[in-house]
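# Overview (structure and organization)
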Amino acid sequence: MSITQKQKIDFDSAPDRRGGDSFKWNRFADPAQDVIGAWVADMDFLSPPEVLDAVNTRLCGAALGYSDPPDELVSLLVERFWRLYQWRLESSWFVFLPGVVPGLFGAVRATGKEGDSVIAQSPNYHYMFDAPECSERELAVVGNRLVDGRWEMNLDELRTLAGEGASSFLLCNPHNPVGRILTRSELQSVADICVEHGLMICSDEIHADLLLDTDKPHIPIASLSADIEQNSITLVSPSKTFNLPGIGGFAIAIIPNPALRKSFEEKIHGLSVYPSALACTAALAAYRDGGEWLAQLLEYLRANRDYLEREIASMIGLSMAHVEATFLAWINVSELKLDNAFEHFLAHGVALSDGSPMGDSDYLRLNFACSRATLEEIIKRMKKALYAK
């Protein structure tokens, strides 16, 4: 089944994931209390029908043996990056992966040597911290800070750390969890610093399609110039955009520099495998046929984002910056002065993400990729938790 522009997708009727196999809903389930899963970054919505149809057809078709990514998918990706970003890719630059996380670990190990420092922003997706620490590297943290209510990277800190001998910089753009889309000027400043000091840039761009502010485009940092392109690894995946993590991972490391690509492939050899046949089938259908579904999803997420921002602004003791991209809200709970904010809200039936593993215990992360009714219930429970403080 294909979606036409006249067909409205009913995101309000997201399936009830309680009692099934949902990691998001089961991790903090409690027989004595109903708990809403609003932490890990997957959506409650069904994937596009075109994707589900394609996977069903593949299951009923060829044998499920080892497989290569289809040529159509490779060509589609090359065309897609030129159409969206005017970045001309070559298929030889692609390294197919079962997920972005193995790509982060591979990127850290592909440059420098044991004991080198790897720079990452904070707060950040926690695997950005784990990748250096689990790869015999030293983590060097550059701060994200609120400036006039908007999160910005501390470029002075980045410049200082880069000058102290780091081998690479891990960028998250659009950023999880603060929801920023970096501007061309910001990206150019980051790139200039990294090129000047010889840092490889690994850019996690898994949220690149989830742009909620329509006036802010996503720009792959590697597309800025040939120098930056040759000193970069760009990680992309359809899994967040089309809610595909459960089909088996699919991601791509785009590595234009052949020496860097060879090093990356050597470092992940035996630790990372090609995506499965079903993952490739799902990715192809999503990128080829999922455009209308995505357009309607973004409208729904924007409405949820706007509702959430209004509600958080009305709640004494909570605050959040505007979310430009992703379906994740980074909520400041420091004014509540709770011993454990995560446990407090969990006790009132809402499982949020604890900010501590992401670099800041004063924050909780909320996933608003759910039905409006579920989001309203989350807010209701959070308000009750505030009164019970």
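Residues numbered from 1 in each chain as written. Predicted model: local features only at pLDDT ≥ 70, side-chain atom pairs only at ≥ 80, totals over all residues. Heavy atoms only, no water.

### Points about the overall build of the protein
In terms of regular secondary structure, the protein is built from 14 helices and 14 strands. In summary, the protein has a C-alpha radius of gyration of 21 Å against a globular reference of 21 Å for 389 residues, a match within 12%. Its C-alpha atoms give the protein principal-axis dimensions of about 60 × 55 × 40 Å. In the protein, buried positions account for 57% of the 389 residues. For the protein, the exposed area adds up to about 16700 Å²; of that, 50% sits on carbon and sulfur atoms. (Helix = DSSP H or I, 4+ residues; strand = E, 2+ residues; numbered from the N terminus. Rg over C-alpha atoms; globule rule 2.2 N^0.38 Å. Buried < 20%, exposed > 50% of the residue type's maximum accessible area, 1.4 Å probe, protein only. Areas by Shrake-Rupley, 256 points an atom, 1.4 Å probe, with all protein chains shown as cover.)

### Considering the state of the cysteines
The final tally for this structure, using the stated rule, is zero disulfides. For C60, which is in no disulfide, the shortest distance to another cysteine sulfur is to C280 and amounts to 18 Å. (Disulfide = S-S within 2.5 Å.)

### Some points on the sheet that holds strand β10 (residues 319-320)
Pairing in this open sheet of four strands is antiparallel, and the strands run β10-β11-β14-β13 from one edge to the other. At either margin of the open sheet sits one strand with a lone partner, and together these are β10 and β13 (353-354). Direction of pairing for strand β11 (residues 328-332) relative to strand β14 (residues 363-367): antiparallel, over a ladder of five bridges. Bridge pairing in β14 links A329 to L366. (Pairing = 2+ DSSP bridges.)

### Re the side chain of T326
Topologically, T326 is positioned in the loop between β10 and β11. Using a relative accessible area of 0% as the deciding quantity, one classes T326 as buried. From its side chain, T326 meets the backbone nitrogen of L328 in a polar contact 3.1 Å long. Leave out the neighbours within four places in its chain, and T326 touches P174, H175, G179, H207, L210, L212 and F368. (Polar contact = N/O pair within 3.5 Å; in protein donor to acceptor, adjacent residues only side chain to side chain. Contact = heavy atoms within 4.5 Å.)

### So, the environment of I119
Mapped onto the secondary structure, I119 falls in strand β3 (residues 117-122). With a relative accessible area of 0%, I119 lands in the buried category. Those residues in contact with I119 that sit more than four places away from it in its chain are A140, V142, L158, L161, A162, A166, S168, F169, L170 and L199.

### A short note on the environment of G246
Mapping G246 onto the fold places it in the loop between α9 (239-242) and β9 (251-254). Accessibility expressed as a relative area gives 77% for G246, which makes it exposed. Separated by 128 residues in sequence, G246 and V118 place their C-alpha atoms 30 Å apart.

### Some remarks on the sheet that holds strand β4 (residues 138-147)
Ordered by their spatial adjacency, eight strands build an open sheet running β2-β9-β8-β7-β6-β3-β4-β5, and the pairing between neighbours is mixed. The open sheet has two edge strands, β2 (94-97) and β5 (150-153), and neither has a second partner. Strand-to-strand twist across the sheet, computed as the mean angle between neighbouring axes with direction ignored, equals 20°. Of the strand pairs in this sheet, strand β8 (residues 232-236) and β9 are connected by three bridges, and their pairing is antiparallel. Residue pairing in the sheet places L235 in a bridge with A253 of β9. Most of the contacts of helix α7 (residues 184-197) go to strand β6 (residues 168-172), to which it runs at about 165°, and overall it touches β5, β6 and β7 (200-204). (Axes fitted to C-alpha atoms, helices over the stretch in contact; angles between N-to-C directions.)

### Observations concerning the pattern of salt bridges
Considering all chains together, one arrives at 23 salt bridges under this definition. Of the charged contacts, one joins R288 and E72 as a salt bridge, the two residues approaching to 3.2 Å between their closest N and O atoms. With R288 in helix α11 (residues 277-289) and E72 in helix α3 (residues 71-85), the pair connects residues that are 216 residues apart, well separated along the chain. The partly exposed category is assigned to R288, whose relative accessible area is 40%. With a closest N to O distance of 2.8 Å, E377 and R381 form a salt bridge. Taken together, the residues E377 and R381, both in helix α14 (residues 372-387) and four residues apart, mark about one turn of the helix. Through salt bridges that share partners, D16, R18, D34, E377 and R381 make up one connected network. (Salt bridge = Lys/Arg side-chain N within 4 Å of Asp/Glu carboxyl O.)

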